[in-house]
Each structure stands twice: as structure tokens, then as C-alpha cells.
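Results of the structural survey
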2 protein chains.
Amino acid sequence: MVYNFNAGPSILPKEVLDEASRAILDFNGTGLSILEIGHRTPAFESVMHEAISLTKELMQLGPDKEVMFLHGGATTQFFQVPMNFLDVHGVAAYLDGGIWGSKAAKEASLYGHAEVVASSSDRQYTYIPKGFKVPSDASYLHITTNNTVEGTQMWHFPDVDVPLVADMSSDILSREMDFNRFSLIYAGAQKNIGAAGVCMVVADKSFISRRVRKLPAMMDYGKHIENGSMLNTPPVFAVYVCLLTLRWLKSKGGIKGIEDENLRKSSLLYDTLDALPQFRPTVAKEDRSQMNVVFVMDDPEAAEEFLALCDKERMVGVKGHRSVGGFRVSLYNAMPFESVKVLTDLMRHFAGKH
Amino acid sequence: MVYNFNAGPSILPKEVLDEASRAILDFNGTGLSILEIGHRTPAFESVMHEAISLTKELMQLGPDKEVMFLHGGATTQFFQVPMNFLDVHGVAAYLDGGIWGSKAAKEASLYGHAEVVASSSDRQYTYIPKGFKVPSDASYLHITTNNTVEGTQMWHFPDVDVPLVADMSSDILSREMDFNRFSLIYAGAQKNIGAAGVCMVVADKSFISRRVRKLPAMMDYGKHIENGSMLNTPPVFAVYVCLLTLRWLKSKGGIKGIEDENLRKSSLLYDTLDALPQFRPTVAKEDRSQMNVVFVMDDPEAAEEFLALCDKERMVGVKGHRSVGGFRVSLYNAMPFESVKVLTDLMRHFAGKH
């Protein structure tokens, strides 16, 4: 048994892996591998349709919302969003709450003025910036709902008059929220949606109509919608893994069901960290992430020892991001409560000896 | 037994599917699925390194060549190439030998002047245009070495003084050629390299240095090279399937070995078509593709009947592209000679009855 606390690519439900493995040999009794079927066949078209409709159902999206499964990951969205919506003479507002949001703002500055409306870089992004103003003429406000690297999460969303664009790569589908208030949401699949190699985009049709420049086909959200995410050959297998994961999520009671479980998991871990003086969470209490729990150990020798112990107990992915150091434990949807229990027991045991 | 003549996504070697299926459950004894491992782990880094070095070995690339595995498919390359290399006041030459080349030229016109130096659109792209002139100041000449939809293939490459850029999506690794004469080669993986969801790019370091504008990170070949195709989370599983397919190709005697087999397969099919009056190949004899064999049947009733017969015999993917009609039989590297024999036997049997 390996305990996979990786930040992404990360743990997937066992049921998903079993079915994906079978589909590589024979997809739905077609006698063909999911890797070999044409994307313009009823067999795959039904995969894409179901993935899109399940997303709409689970996120309770309104009729104006479109769902896309696109190539390229969130880093592609960093420039695709401003390429579509930020005019060369325009302004877009960016909340700088972590290294990914900072990178998104940098990409936007290639297309127009990217105004950072607030930043928590003054304290290594250990909190979520609050109480900022957004220019009323901004094409959109871009936020990152969960900062994977730094371990902060937004629990309140700004009430703004401009369209809200959110990178939800590391907390999408993990908690209930009004997804309909966002004009555009994007999320790399490799945390809560599926495997690496595809990005989910949810957007308002009315927002999509505001594109400001001529676009290459692959960058044009409008064309992707018209073509049902089949403008070119989609990442067939990656979309299929999304479908399997979405089905699994539905079987777990949907977003509400998984949110309860996520709260149990993160509460157990944070309570343990707070109770043990050897471990110190790094982020502001009110901004703690349920998905990525970041902490340090002030004694470097003990830290080394604990890391080695995790390794010995086959707990992988607990080392902090290279830019932060310390520890990071990711508790995505597919992580069982029992695995968090094993980790916290290990922590208590370790602390008792030190 | 299903005979998979799909044009892409298409047939993959059985050994590749078996190993990919196993790796979904347990990758190399790590206890983790290939879908769950972090991309910045030695386990995956070695996959990427081996995929790159095997590509260099199989294509016999010189020391100036770099290999990348990128998100997005060939359609992304249609605009990424001019975005990198075509200045707004510059010119790039395009050979218009099929619908994909035509689309590539259209995308280039967003970035500068895309000059179509020759076209075979006058006869539905049933031949490869020859004997054209390329402006000496062109940033590059773009060609499509095999036209998947129309079934033509370039057997001679233009001798030009400008950098040669080639879309080799449907015939890469299928025949020996001097890959080093190309400044940039790209190919969607879902035909001869692996599964859908990744694109291979081979480029000269010196050509890459000619980028003409500021680029978003994900569009910048230079950044991808610097980061060893790990600028962001790569399409991990798709790259892994490439590696398995490259290993398989090596075991088959490399490109030379597979080329001999491809010649046997396509000769058998074309000879059969030429011998039977009911079937009529549509493209100029000297430009026939070894990968995609396109033909029609002049009697529409017989065509319907033959299509139904293929369906009954579990031969899939033989229907022509929606833009061309008729039939298209794809014979990529992984297609066994024996399957082509079964198809041609069926053709002879059918013709004998009509």
C-alpha cells in the first residue's frame, strides 16, 4: 500500500484506475482499445457528451454555461484567457495570491494591461489578499481559488461588477459553491477531475461572445464550443478518465458528499498539526486550504527524520514544493480518510518520541 | 478480432496496449498508477528522457536537433510555428497539398503573410504539387509530407534555401528519410507515435533561436527545450504511450524495418485495387500514400454493399473522410500485414461476385 499525497498528478479513485486499465484493452466491448478508437465515432462521442453533461449536473450549471475539455493544462489558459478577452488598450485585474496567479498575470501583460489589484507576495503568499478594488473598466478579474503551492484557499469571493475568471485547478469539484457566478472557470484535470493532459473550461456563452481579437482556431473558445470540444482530435483517453472520475464523484454523493469528506480529512490533519508543537502550519488560519496542507518543522534534523519516516512508510509526495520547502500534503477528492488517519497517527507517534 | 483501419486515433501494437494497461494499475512496481505519479519524480523523468533519446536514435538526429513532446496536437502547431517564426512584415511559404496544409496556411496569415506557393486544390488534392518557386526571403517553407484525408504522400522534397518545416503527423517514423534536413518537424502522436493528446516536435536549435516576437510561455519552443518538455505538467500518460511505441518500433528493426513492412502492406493493397475494376484509387500513381489508401467505387450500390460487408467482417474505419467520401484504409506502422491480406481477400471475393 502506497499513500499518495502528491500535489498533481495525484491520487485517483481505485475504481477509475481499474476501469481505465480495462478500457485500454477493450473499450466497452468494442474489441478496440480506448487508445485506438476514432474520436468521431459514436463510441467516443458518447464519452465526450456524458463528460460534459455530468459536469453540468455536478456543478449545477445554468443554461448559459458551456463546458469544454481542451488540450494544454491551466498554463495554456494563462494566455488563452487574455488572448480572447483582453484588448491591447484594455485592462484586466489580477489577484496575486500565489505563484500560479502571478504567472497568469505575467502572461496577460503580453496582450494588454494586467493590473495586480492585490498581492500577498509580501509574506510569501501565506494568506489570501482581501479588501481590494477592481477597476470598473476591467475586462475581468482573475483569481486563483486554491493555491496549490502555498496551501491557501479562498473562502470568500470578491463581489465585483466585472466578469470573474477563476483558476480552480486544485479545488474544483471539491466543495459546493455557486459556480454560476463565474464568467469563466478553468482547471487542469490532474488533481480532482482526472489525469494530466486535459483542461476543463466552464464559461458563459455571453462572456465568450466578448472576444476582442482574431484568434487561431485552437485558441478560440467560441470554435471549441461550436465543435463540442472536437475542433481537432481531443486527448481521448484523458477525457475518458475525466468521465470515469466524474461518475465516481456522482456515486459519492456529488460535490456535497465529497465536501463533507474533504472537511473531515483536512480537519483531522490541521487539528493534529495544531496539537503538536513539532509541526507548524505556515498559512493564515482563515485561509487554510482543504486540498493542500503546507507546514514546516523548525528543527531541520527532525524534519529530515520525519521525511525519511514517511518514505519508509510508503507515504509519497509529502515534500513541499521546491519554491517553499517544508512539507505539503495534498488531500484531493480521491484521498481516503483512512490514509489521512495513518499519516496523523504517524505524526503523533513521531512527536511523542521527540 | 477487429481490424482497425482508422485514420487516427488508430491502431497501436498489442504489446503497447498490454503494457499501458498494466501501468495504469502499477507503474514499474512503484505501487502507483502511471496516472497518479508526479511528473517531477525520477519515475516519470526517466520516461520523458528515454522517449526523447529513443526518438533521436530512431530518427538518427544530429546534435543540433531537439525533441519536444507538447500539448495540443498538430492543429496547435499550425499557429505555434508562425507565432514563433513569422514576423508581421514577413512572409512564409506554404505548399497547399491537402486540407491540413491549407488550414496551416490560414492560421499563419494571422501572424504575417502566408504565401501559398503551389496548390493541388484544382483537382481535389489528388496529387502533390511540384516545381514551384519559394520566395528567397521566406521565413520558412511549410509542407505536409502525407495527406491523411486525400491519401497522397510526398516522395521527393523540394530543394530550397529557406528553412523547411514539415507536418509529418501521418507518416512520421514510417519510412527512412533525412530528418536532419528539416528545420522543424511536428506530428500529432495518434497515428505512428502513440495515443492522442500529445504532439512531437523536432527542431534545430539554430532555427529555434529565430523567434520573432514575445511569446506566452506555452507557445515558446525555446522555453520547452530549456525545460525538457516539462514547462508545465506534461500529458504524462500520452508521453508514456509514445515511449512504449518507440520501444516497439526499435524492436521491429527501427524505421528501416517498419518501412519494408509498410511497403509490403501498401503494395498488396494498391495491387489489389489496380487489379479489380470495381475499385478505383483516386490519387495520382506517383503520389500514392503508403499510410492512407483512398479509393472509390463507381457503383454506389456496390459501395454500400461493400461497406456493409466490411462492417460485418469487423473491419472498422474504412469509410472515407467526410470531405472526400468513398473509402480510406489506413495502414500505419502497427497494422499487421495479415490484416491487409484479410481485407484484400475480401475485396477479391467481393469483386468476383460482382
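Residues numbered from 1 in each chain as written. Chains lettered and ligands numbered in written order. Predicted model: local features only at pLDDT ≥ 70, side-chain atom pairs only at ≥ 80, totals over all residues.

All names here are of chain B. For strand β9 (residues 184-188), a buried count of 5 out of 5 residues is recorded, marking the element as mostly surrounded by other parts of the structure. Side chains Leu184, Tyr186 and Gly188 of β9 all project onto a buried face; the interleaved residues Ile185 and Ala187 project onto the opposite face, where all are buried too. Here strand β8 (residues 164-167) pairs with β9 via 3 bridges, running parallel. Its bridge partner being in β9, valine 165 is matched across the sheet by leucine 184. When β9 meets strand β10 (residues 199-204), the two strands line up antiparallel, connected through 5 bridges. The residue of β10 that forms the bridge with alanine 187 is methionine 200. (Buried ≥ 20, exposed ≤ 12 C-beta atoms within 10 Å, placed from the backbone. Helix = DSSP H or I, 4+ residues; strand = E, 2+ residues; numbered from the N terminus. Pairing = 2+ DSSP bridges.)

Residue and element names in this part refer to chain A. For chain A, the domain assignment lists domain 1 (14-251) and domain 2 (254-353). For domain 1 and domain 2, the distance between their C-alpha centres works out to 27 Å. Among the residues forming the side of domain 1 that touches domain 2, the class breakdown is 7 nonpolar, 10 polar and 6 charged. (Domains from an automatic or database assignment. Nonpolar A, V, L, I, M, F, W, Y, C, P; charged D, E, K, R; others polar.)

This paragraph deals with the sheet that holds strand β12 (residues 292-296) of chain A. Residues and elements named next belong to chain A. With antiparallel pairing, 3 strands are arranged side by side in an open sheet as β11-β12-β14. Lying at the two open borders of the sheet, with one neighbouring strand each, are β11 (280-281) and β14 (327-330). As paired strands, β12 and β14 are joined by 4 bridges and run antiparallel to one another. Its bridge partner being in β14, valine 294 is matched across the sheet by arginine 328.

In an α-helix, one full turn covers 3.6 residues, which means residues spaced three or four apart are oriented alike. All names here are of chain A. In this model helix α10 (residues 337-353) runs 25 Å from its N-terminal to its C-terminal C-alpha over 17 residues, within 8% of the 24 Å that 1.5 Å per residue would give. For α10, the set of buried residues is Ser339, Val340, Leu343, Thr344 and Met347. Along the axis of α10, the buried positions cluster into a sector of 135°, meaning they face one direction only. Exposed residues on α10 whose side chains face more than 90 degrees from its buried face are Glu338, Asp345, Arg348, His349, Gly352 and Lys353. Residues of α10 that are buried sit in contact with β1 (3-4), α8 (254-275), β13 (315-316) and β14. (Expected span 1.5 Å × (residues − 1). Arc of directions from axis to C-beta. Contact = placed C-beta atoms within 7 Å.)

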